[in-house]
Amino acid sequence: FCVMASPPPPPDPFFTLRPHTGTITCVQYVYIDDKSLILSGTSSGELAIWDLALKRQCWTQKCQNDLLSVACTISIEKKSVLSLQKGGEVKIWDIEKNEVD
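Now for a look at the structure at hand.

Cut-offs applied
Residues numbered from 1 in each chain as written. Predicted model: local features only at pLDDT ≥ 70, side-chain atom pairs only at ≥ 80, totals over all residues. Heavy atoms only, no water. Helix = DSSP H or I, 4+ residues; strand = E, 2+ residues; numbered from the N terminus. Contact = heavy atoms within 4.5 Å. Areas by Shrake-Rupley, 256 points an atom, 1.4 Å probe, with all protein chains shown as cover. Pairing = 2+ DSSP bridges. Core = buried A, V, L, I, M, F, W, Y, C linked by side-chain atoms within 4.5 Å. Buried < 20%, exposed > 50% of the residue type's maximum accessible area, 1.4 Å probe, protein only. Axes fitted to C-alpha atoms, helices over the stretch in contact; angles between N-to-C directions.

Considerations on the overall build of the protein chain
Link 1 in the chain: Assigned secondary structure in the protein chain consists of zero helices and eight strands.
Link 2 in the chain: Going from the N terminus to the C terminus, the protein chain shows its helices and strands as β-β-β-β-β-β-β-β.
Link 3 in the chain: Relative to all contacts within the protein chain whose residues are 6 or more apart in sequence, the contacts with residues 24 or more apart total 27%.
Link 4 in the chain: With an accessible surface of roughly 6,900 Å², the protein chain has 57% of that area assigned to carbon and sulfur atoms.

As structure tokens, this is what we get:
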């Protein structure tokens, strides 16, 4: 007769992305300038960058369509976020200028 122990409960969340509107459809972890960040996009078109040390949103942008995917690109010249929207539109956002390239 073998007694199986029940699995341990899941850990408490480290961080919750609360200020988002809509359902989160995509996330990506990035490490930039010695900072741990999360990029996220929602079904309502909100694109955001979250600082994990501060546990706060540090950049946000409103897109016109649902976001399907986000990615971060880093170059010597600038920092950018790439977004793919539901209609197939790809945008490159300049984080420092807060505008689309």
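Observations concerning the pairing of strand S6 (residues 79–85)
Link 1 in the chain: Across five bridges, the pairing between S6 and strand S7 (residues 90–94) is antiparallel. Residue pairing for S7: Val81 is matched across the bridge by Trp93.
Link 2 in the chain: Remark: four residues form the turn of the hairpin made by S6 and S7, two consecutive strands paired antiparallel; Gly88 in that turn has positive phi of roughly 95°.

Quick look at the nonpolar core
Link 1 in the chain: Core analysis: the largest hydrophobic core is formed by 14 residues, its most contacted members being Leu39, Leu47, Ile49, Trp59, Val81 and Trp93.
Link 2 in the chain: Mapped by element, the contributors of at least two residues to this core are strand S1 (24–32), strand S2 (35–42), strand S3 (46–51) and strand S5 (67–74).
Link 3 in the chain: Residue contributions to this core peak at three residues, all from S1.
Link 4 in the chain: What Leu47 contacts, discounting residues up to four positions off in sequence, is Ser40, Trp59, Thr60, Gln61, Cys63, Leu67, Val70, Val81, Ser83 and Trp93.
Link 5 in the chain: Listed in part, the six residues of the second largest apolar core include Leu17, Ile38, Ala48 and Trp50.

Things to note about the side chain of Gln61
Link 1 in the chain: Along the chain, the position of Gln61 falls in strand S4 (residues 56–62).
Link 2 in the chain: Each residue touching Gln61, except ones within four places of it in the same chain, is listed here: Gly45, Glu46, Leu47, Trp93 and Asn98.

Concerning the environment of Ser80
Link 1 in the chain: Residue position: Ser80 is located in strand S6.
Link 2 in the chain: On a C-alpha basis, the gap between Ser80 and Trp93 in space is 5.3 Å, while along the polypeptide they are 13 residues apart.

Some thoughts on the sheet that holds S1
Link 1 in the chain: Spatially, S1-S2-S3-S4 is the arrangement adopted by the four strands of the open sheet, whose pairing is antiparallel. The open sheet has two free edges, formed respectively by S1 and S4, since each of these has just one partner strand. Neighbour-to-neighbour, the strand axes of this sheet turn through a mean angle of 20°, independent of strand direction.
Link 2 in the chain: Bridging between S1 and S2 involves eight bridges; their strand directions are antiparallel. Along S2, the bridge assignment pairs Gln28 with Leu39.

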